[in-house]
Amino acid sequence: MDADAARVSLWLAGLTALTLLPASVWLARWLATSASPARPLIEAALLLPLLLPPTVIGFYLLTTLGGASPVGAWLADHLGLRLVFSFEGLLFASWLINLPFMVQPLQRAFAAIPRSVREAAWVSGLSGWRTFWRIELPLAWPGVLAGAALTFAHTLGEFGVVLMVGGNIAGQTRTLSIAIYDRVQAFDNAAANRMSLLLVALSLAALVIVFALGRRNALQER
Amino acid sequence: MLSVEVYQDAPVPLAARFDCKPGEMVALVGPSGSGKSTLLRCIAGLMHPARGRIASGERVWFDGSTRTRLAPQERRVGLVFQHYALFPHLSALRNVALASPRDDADSHAADLLARMGLGQLTSRRPSELSGGQQQRVALARALAREPEVLLLDEPFSAVDQPARHELYRELAELHRGVALPMVLVTHDLHEARRLADRMVIIDGGTTLQQGTPAQVLSQPRNARVAGLVGIQNHFEGVFFHGDDPQWGRLCWGSREGPQLLVRDKHRIEEGALVSWVVPAEFIGVHRSEPGGANVLRARLAEALPLGDIALCRFEIEGLRAAVQLHQTTAQLQRGELVVGEPVFLQFDPAGVHIMPRRALPAPH
């Protein structure tokens, strides 16, 4: 078992789920309630990471953010940020590829709140902000947890983008999925098996949480 | 006093004007899609009409000319939604307390719920309450806001019949006890008649007529109103002035139809095609020919028993028209009225109300 890889994987998955959440809540709520003509375009763009091969996303990130590119050079010069072959780069790539996993369940949860409930809050004197905190977010809570759990599980299992953007630096960018690939290449099937089992268990636990919450939500609506 | 005047062309056309005094209940009555709920949403600030003015006392909530548009939170409106729109994740107490502006919101909410007979159910969530109980929570929430105006959007539509009668009684009690302008949206005429002091008839977003239920039902302004308020005995005819300026002649159906003596208010031209209505209480049913004017021969064509009363259809001799009246089932059982037998119908001129055939445009 590569303990460093497990630590990087868990840290990356946890951090991605946590840091992606606020922006996703905002975006999902906007998508659920907005009548903007730009909405279909944004919804389509959000789903793109689901359809494209991870290597394609990884390739574009690598060429856009690499030190030789204008963006990469600007980030390095002005912010001291290196977004390829670094943990920060992995986190950034994780945000992009996990947007659909986080936003979709949230959007469905916000869309399920009847408009009249929101309006009842306003008529009851609650400001937009209080309506969000006291009414909308608690009602969308199962969606929040489902989005976070799916993002966590998907980040744990991500391989292509991680390899392209992060490379394979022990303790920094080598995640469990890359360590498994490494071990198989070295004919160390026992270690690969242990790590694979750990990934299966973690992903299964995350999915059980998603389904359990979905069930609870259905019961509440009845 | 709540005064409402709203106009717009799209998306829902509106041309409505009415007011509601403190302690008064005004019913907005019209068919589905007539714009009643849209009007209520305009009053609550959930949407803004293109033009007009909405004010509660001295406070202007909306004014199209000065672009005044207060948000719902600034309007002090209590609104009971059609399906209540309770907060499903909160207890009845929290639902009500959230709307209370007082420092002691919880005890204020508990008081209101106790007044609604829900003192024992304050910790239940909406899904654990019956339709009638949910409606009471929604009403308590609307009152917790300490509103200047109470709005009720079809509040009884989701409640079953037995619970509805109990809720009618409670709302009537509340109406007597609270000095607020109250606006009730309903498509149920009986509900409006039973609860409201005044009715505003709305169709296509336009107020067609307003008045007490008795006024609107006995003197609909035009044929459209008569149709909307479901007046059964609604006919057509031709009007002529008489020799006596106070009296005119109404020819039933056509110029050749049987004539009735009617009051002449000099609002209708000679020979004009008219619609006319006559409330049931102004029609007498006799087995032998009575004295006086406006007696027509008819035949009891059908009697549909409805418990203690029966809906009877009388066909007028020489006419295709039929008059529908409720008679007691006892009269039928005693043989005072027999299906197929002739009768005499006498029309009291005081109850015959004549209207121009074409609907008049609404006032702007």
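Rules and cut-offs
- Residues numbered from 1 in each chain as written.
- Chains lettered and ligands numbered in written order.
- Predicted model: local features only at pLDDT ≥ 70, side-chain atom pairs only at ≥ 80, totals over all residues.
- Domains from an automatic or database assignment.
- Contact = placed C-beta atoms within 7 Å.
- Helix = DSSP H or I, 4+ residues; strand = E, 2+ residues; numbered from the N terminus.
- Nonpolar A, V, L, I, M, F, W, Y, C, P; charged D, E, K, R; others polar.
- Pairing = 2+ DSSP bridges.
- Axes fitted to C-alpha atoms, helices over the stretch in contact; angles between N-to-C directions.
- Buried ≥ 20, exposed ≤ 12 C-beta atoms within 10 Å, placed from the backbone.
- Parallel < 35°, antiparallel > 145°, perpendicular 65-115°, else oblique.
- Left-handed = near helix turned anticlockwise from the far one by under 90°.
- Core = buried A, V, L, I, M, F, W, Y, C linked by C-beta atoms within 7 Å.

(A) Inspection of the domain arrangement of chain B at higher detail. All names here are of chain B. The assigned domain composition of chain B is domain 1 (2-226) and domain 2 (232-356). Counting residues at the interface gives eight residues for domain 1 and seven residues for domain 2. Elements with a minimum of two residues in the side of domain 1 that touches domain 2: helix 7 (213-218) and helix 8 (223-228). Residue composition of the side of domain 1 that touches domain 2, by class: four nonpolar, three polar and one charged.

(B) Fine view of the sheet that holds strand 19 (residues 322-328) of chain B. Residues and elements named next belong to chain B. Reading across the sheet, the five strands line up as 16-20-17-18-19 and stay open at both edges, with antiparallel pairing between neighbours. Two strands close off the open sheet at either side, each with one partner strand: strand 16 (283-286) and strand 19. Strand-to-strand twist of the sheet, defined as the mean angle between neighbouring strand axes without regard to direction, takes the value 40°. Summarising the sheet, strand 18 (residues 309-316) and strand 19 pair through seven bridges and their orientation is antiparallel. For Glu315, the partnering residue across the bridge sits in strand 19 and is Ala322.

(C) Spotlight on the environment of Thr173 of chain A. Residues and elements named next belong to chain A. When you line up the elements, Thr173 lands in the loop between helix 8 (160-166) and helix 9 (176-185). Judged by C-beta crowding, with 23 C-beta atoms within 10 Å, Thr173 ranks as buried. In this structure the C-alpha to C-alpha distance between Thr173 and Val84, which are 89 residues apart in sequence, comes to 10.0 Å.

(D) How the structure looks around the pairing of strand 5 (residues 59-63) of chain B. Residue and element names in this part refer to chain B. Pairing between strand 4 (residues 51-56) and strand 5: four bridges, direction antiparallel. Counterpart to Ser56 in the pairing with strand 5 is Arg59. The turn linking strand 5 back onto strand 6 (residues 68-69) is made up of four residues, and Arg67 within it adopts a positive phi angle of 60°.

(E) Structural view of the sheet that holds strand 15 (residues 272-277) of chain B. All names here are of chain B. Pairing is antiparallel in the open sheet, where five strands are placed in the order 14-13-12-15-21. The sheet is open, and its two borders are formed by strand 14 (259-263) and strand 21 (353-356), each paired with just one other strand. Across this sheet, the average inter-strand angle for adjacent strands is 45°, counted without regard to direction. Strand direction decides the pairing type here: strand 12 (residues 234-241) and strand 13 (residues 247-252), joined by five bridges, are antiparallel. By the bridge assignment for strand 13, Phe239 is matched with Leu250.

(F) View of the pairing of strand 3 (residues 25-29) of chain B. Residue and element names in this part refer to chain B. Burial within strand 3 is extensive, with five of its five residues counted as buried. Along strand 3, one buried face is formed by Met25, Ala27 and Val29 and the opposite face, lined by Val26 and Leu28, is buried too. Two elements, strand 3 and strand 9 (residues 182-186), share five bridges in a ladder whose sense is parallel. Bridge assignment links Ala27 to a residue of strand 9, and that residue is Leu184. Where strand 3 and strand 10 (residues 198-203) come together, four bridges link them in parallel fashion. What sits directly across from Val29, in strand 10, is Ile201.

(G) Geometry of unusual backbone geometry. Residue and element names in this part refer to chain B. The linkage connecting Ala10 with the following residue, Pro11, adopts the cis geometry, with an omega of 0°. Structurally, Pro11 is set in the loop between strand 1 (2-8) and strand 2 (14-20). Within the chain, Ala85 stands out as a residue other than glycine whose phi angle is a positive 50°. With respect to the element layout, Ala85 can be found in the loop between strand 7 (77-80) and helix 2 (92-97). For Ala85, a count of 24 C-beta atoms within 10 Å gives the class buried. Although it is not a glycine, Glu146 adopts a positive phi angle of roughly 55°. Relative to the helices and strands, Glu146 is located in the loop between helix 4 (131-144) and strand 8 (149-153).

(H) Local environment of the interface of chain A and chain B. Taken together, the contacts link 17 residues of chain A with 18 residues of chain B. Within the residue set of the side of chain A that touches chain B, elements represented by two or more residues are helix 6 (115-123) and helix 7 (128-157) of chain A. Of the residues that constitute the side of chain A that touches chain B, the class distribution is nine nonpolar, five polar and three charged.

(I) Region of the structure containing the packing of helix 1 (residues 3-33) of chain A against helix 5 (residues 87-111) of chain A. Residue and element names in this part refer to chain A. It is the contact of helix 1 with helix 5, at a shortest axis distance of 7 Å, that shows an interaxial angle of 45°. Between helix 1 and helix 5, the interaxial angle falls into the category oblique. Read as a crossing pair, helix 1 and helix 5 show a hand that is right-handed.

(J) How the structure looks around the nonpolar core. Formed by 147 residues in total, the largest nonpolar core has its most connected members in Ala27, Ile43, Val96, Leu151 and Ile201 of chain B. Sorting elements by how many residues they give to this core places helix 7 of chain A first, with eleven residues. In this structure, Ile43 of chain B is in contact with Val4, Ile54, Val77, Val149, Leu151 and Val183 of chain B, ignoring residues within four places of it in sequence.

(K) Highlighting the packing of helix 6 of chain A against helix 7 of chain A. All names here are of chain A. In contact at an axis separation of 10 Å, helix 6 and helix 7 are set at 140° when each is read in the N-to-C sense. With respect to helix 7, the axis of helix 6 lies oblique. Crossing handedness for the pair helix 6 and helix 7: right-handed. Each of Val117, Arg118, Ala121 and Trp122 in helix 6 lies in contact with helix 7, whose residues at this interface are Thr131, Ile135 and Glu136. A class-by-class count of the residues in the contact of helix 6 with helix 7 yields four nonpolar, one polar and two charged.

(L) Focus on helix 1 (residues 36-44) of chain B. Residues and elements named next belong to chain B. Counting buried positions over the nine residues of helix 1 gives nine, a clear majority of the element. Among the residues of helix 1, Lys36, Ser37, Thr38, Leu39, Leu40, Arg41, Cys42, Ile43 and Ala44 are the ones counted as buried. Positive phi appears at Gly45, one or two residues downstream of helix 1, with a value of about 90°.

(M) Structural context of the environment of Arg145 of chain B. Position of Arg145 of chain B among the secondary structure elements: in the loop between helix 4 and strand 8. Take Arg145 of chain B: there are 21 C-beta atoms within 10 Å of it, and that puts it in the buried class. Sequence-wise, Arg145 of chain B and Leu98 of chain B are 47 residues apart; in three dimensions their C-alpha atoms are separated by 8.8 Å. For Arg145 of chain B, the residues in contact, after removing those within four places along its chain, are Ser124 and Gly125 of chain A together with Arg76, Gly78, Ala99 and Pro101 of chain B.

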